[in-house]
Amino acid sequence: MKRMKKAALLVLCLAMAMAFLSCGNRGGGSSEAAGDVIKIYFIPNNMGNPYFDALSSGFDQAIAELGAGNFEYYYEGPAAAGATDQIEYIEAAVQNKAFAIFLAANSEDALNATLDDARAAGVRVYIINQDIPGSETHRDAAIMPVDFDKIGDAQIELTGGYINYEGEIAILSATTSAPDQNHWIDGMRAALQNPQYAKMTLVDVVYGDDQPEKSTTEMEALLNKYPNLKAVICPTTVGIAAATQVVQTRKVADQVKVTGLGLPSQMKGYIEDGTSPGFQLWDPPKEGYLAVYMCWEEKNSGFTPAPGASFNAGKYGSVTIRPNGQLMALEEPKTFDSTNLQDFVY
Ligand code: RAM
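From a predicted model like this one, the values you see are computed outputs, not experimental measurements.

### A few points about the overall build of the protein
Tallying secondary structure elements over the protein gives 10 helices and 14 strands in all. Counting only residues that meet the buried cut, the protein has 50% of its 346 residues in that class. Within the protein, counting contacts between residues at least 6 apart in sequence, those at least 24 apart form 70% of the total. Carbon together with sulfur atoms contributes 54% to the accessible area of the protein, which is approximately 15100 Å² in total.

Structure representation (structure tokens):
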């Protein structure tokens, strides 16, 4: 009996101590979730795009490694990738007291006021899968998939190799406001000024808005309008999948090379049957993985994402924030073609 009383007292004390601790965590004006749970939001450009599912799988992997009970993870966003379509999702995350928001922004600057409000409410605001050039002061850091300054050159060189560095080419992009697309298209235009590409002519840039149907329509229109087209560069996984499908249906893969940035799992069949000669990408899951470890270190080791600061990113070791507030998941894009099908893992 005496023993039981002691045990009951111990349980009561423990319960009181836990209640006290969780109160402490909730207080202090912090935006953090109750207890030690880290609330993370990943808001993609748009939902329904397998590319972002791949990126999100990296969040899931890191969360599983660090203990699922330590996190609440939300992968939510708009159906369309319009410049302001993400505002309500950012606001909802702030309302739900997010620890951090990872945003694949649909505009370089249209979201600045919303991002400022989120940060004022104590939420860490990170851009992921790109940056917001010219608006860097409105975010805490950016997780880059790769060095964007290298994409223009890499895409033009890849395409040139497929068409003997000669002929008409076009670009099928996503939305007109997408910061990543615009950075790469500028890079491609600059690359084309180099003398080795003098015989390649960019005849058009069209926009499929990262919607499969619109991308298909735009690709059809390009083929109808430019009968001598030699290649179409689609620096979007949605665009390249749609464009390759059009070329396959029309049986014109020998005349028009479809290349760009693709999701290996979506493109595998088209590489195997020769509909696309090859494309490039990086490692989208790695971006999500780095995001989770960064939050973990912020929460548990006092890490802040200042330029020059490093954190432990699990299986990838130490990662350092660059002077411009960016973290680089990979330095160079990877080329995927029939020689490395075993690498088509996401
Ligand atoms: C699409 C999106 C995304 C881009 C990738 C390569 O899914 O446009 O922003 O990074 O392709």
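### Here's the deal with the environment of glycine 325
Inspection of the secondary structure puts glycine 325 in the loop between strand 12 (318–320) and strand 13 (326–328). For glycine 325, a relative accessible area of 5% translates into the label buried. In this structure, the C-alpha to C-alpha distance between glycine 325 and aspartate 131, residues 194 residues apart in sequence, is 9.6 Å.

### Here's the deal with the sheet that holds strand 13
Taken in spatial order, the six strands make up an open sheet running 2-1-3-4-5-13, and their pairing is parallel. With partners counted over all chains shown, the strands left at the sheet margins are strand 2 (71–75) and strand 13, one partner each. With direction set aside, neighbouring strand axes in the sheet form an average angle of 20°. In the sheet, strand 4 (residues 124–128) pairs with strand 5 (residues 141–144) via three bridges, with the strands oriented parallel. Bridging from a neighbouring strand, isoleucine 127 pairs with alanine 142 of strand 5.

### Some points on the sheet that holds strand 8 (residues 229–234)
Judged by pairing direction, the sheet is parallel, and its four strands sit side by side in the order 7-6-8-9 without closing on themselves. The sheet terminates laterally at strand 7 (200–207) and strand 9 (257–260), the two strands that pair on one side only. Across the sheet, the mean angle from the axis of one strand to that of its neighbour is 25°, orientation sign disregarded. Most of the contacts of helix 8 (residues 237–250) go to strand 9, to which it runs at about 170°, and overall it touches strand 6 (167–173), strand 8 and strand 9.

### What about the pattern of salt bridges?
Tallying each qualifying case throughout the model produces nine salt bridges. We note a salt bridge from arginine 119 to aspartate 140, for which the minimum N-O separation is 3.0 Å. Here arginine 119 is found in helix 4 (residues 112–120), whereas its partner aspartate 140 is found in the loop between strand 4 and strand 5, with 21 residues between them in sequence. What makes aspartate 140 partly exposed here is its relative accessible area of 25%.

### Some thoughts on the confidence of the model for the protein
Residues at a pLDDT of 70 or more form 90% of the protein, whose mean pLDDT is 92. Within the model, pLDDT remains below 50 along residues 1–5, and this stretch shows zero contacts once partners closer than five positions in the same chain are excluded. Predicted confidence for residues 15–34 stays below pLDDT 50, and this span has 14 contacts to residues more than four positions away or in other chains.

### Description of the site of the ligand
Inspection of the region around the ligand gives 13 residues, with Asn49, Asn129, Asp180, Asp210 and Thr237 positioned closest. A distance of 2.9 Å is found between an oxygen atom of the ligand and a side-chain nitrogen or oxygen belonging to asparagine 49. One of the side-chain N or O atoms of aspartate 180 is found 2.6 Å from an oxygen atom in the ligand. When the ligand sits alone it has 300 Å² of accessible area, and the protein chains cover 99% of it. Broken down by element, the shell around the ligand gets its largest block of residues, three residues, from helix 6 (residues 179–191).

### A word on the environment of threonine 217
Here threonine 217 lies in helix 7 (residues 212–225). Sequence separation between threonine 217 and alanine 243 is 26 residues; the distance between their C-alpha atoms is 9.1 Å.

### Looking at the environment of tryptophan 296
Examined against the element boundaries, tryptophan 296 turns out to sit in helix 10 (residues 284–301). When sequence neighbours within four positions are dropped, the list of residues in contact with tryptophan 296 reads Ile38, Leu66, Asn70, Phe71 and Ser301.

So, how was this worked out
Residues numbered from 1 in each chain as written. Predicted model: local features only at pLDDT ≥ 70, side-chain atom pairs only at ≥ 80, totals over all residues. Heavy atoms only, no water. Helix = DSSP H or I, 4+ residues; strand = E, 2+ residues; numbered from the N terminus. Buried < 20%, exposed > 50% of the residue type's maximum accessible area, 1.4 Å probe, protein only. Contact = heavy atoms within 4.5 Å. Areas by Shrake-Rupley, 256 points an atom, 1.4 Å probe, with all protein chains shown as cover. Pairing = 2+ DSSP bridges. Axes fitted to C-alpha atoms, helices over the stretch in contact; angles between N-to-C directions. Salt bridge = Lys/Arg side-chain N within 4 Å of Asp/Glu carboxyl O. pLDDT = per-residue confidence, 0-100. Near = heavy atom within 4 Å. Polar contact = N/O pair within 3.5 Å; in protein donor to acceptor, adjacent residues only side chain to side chain.

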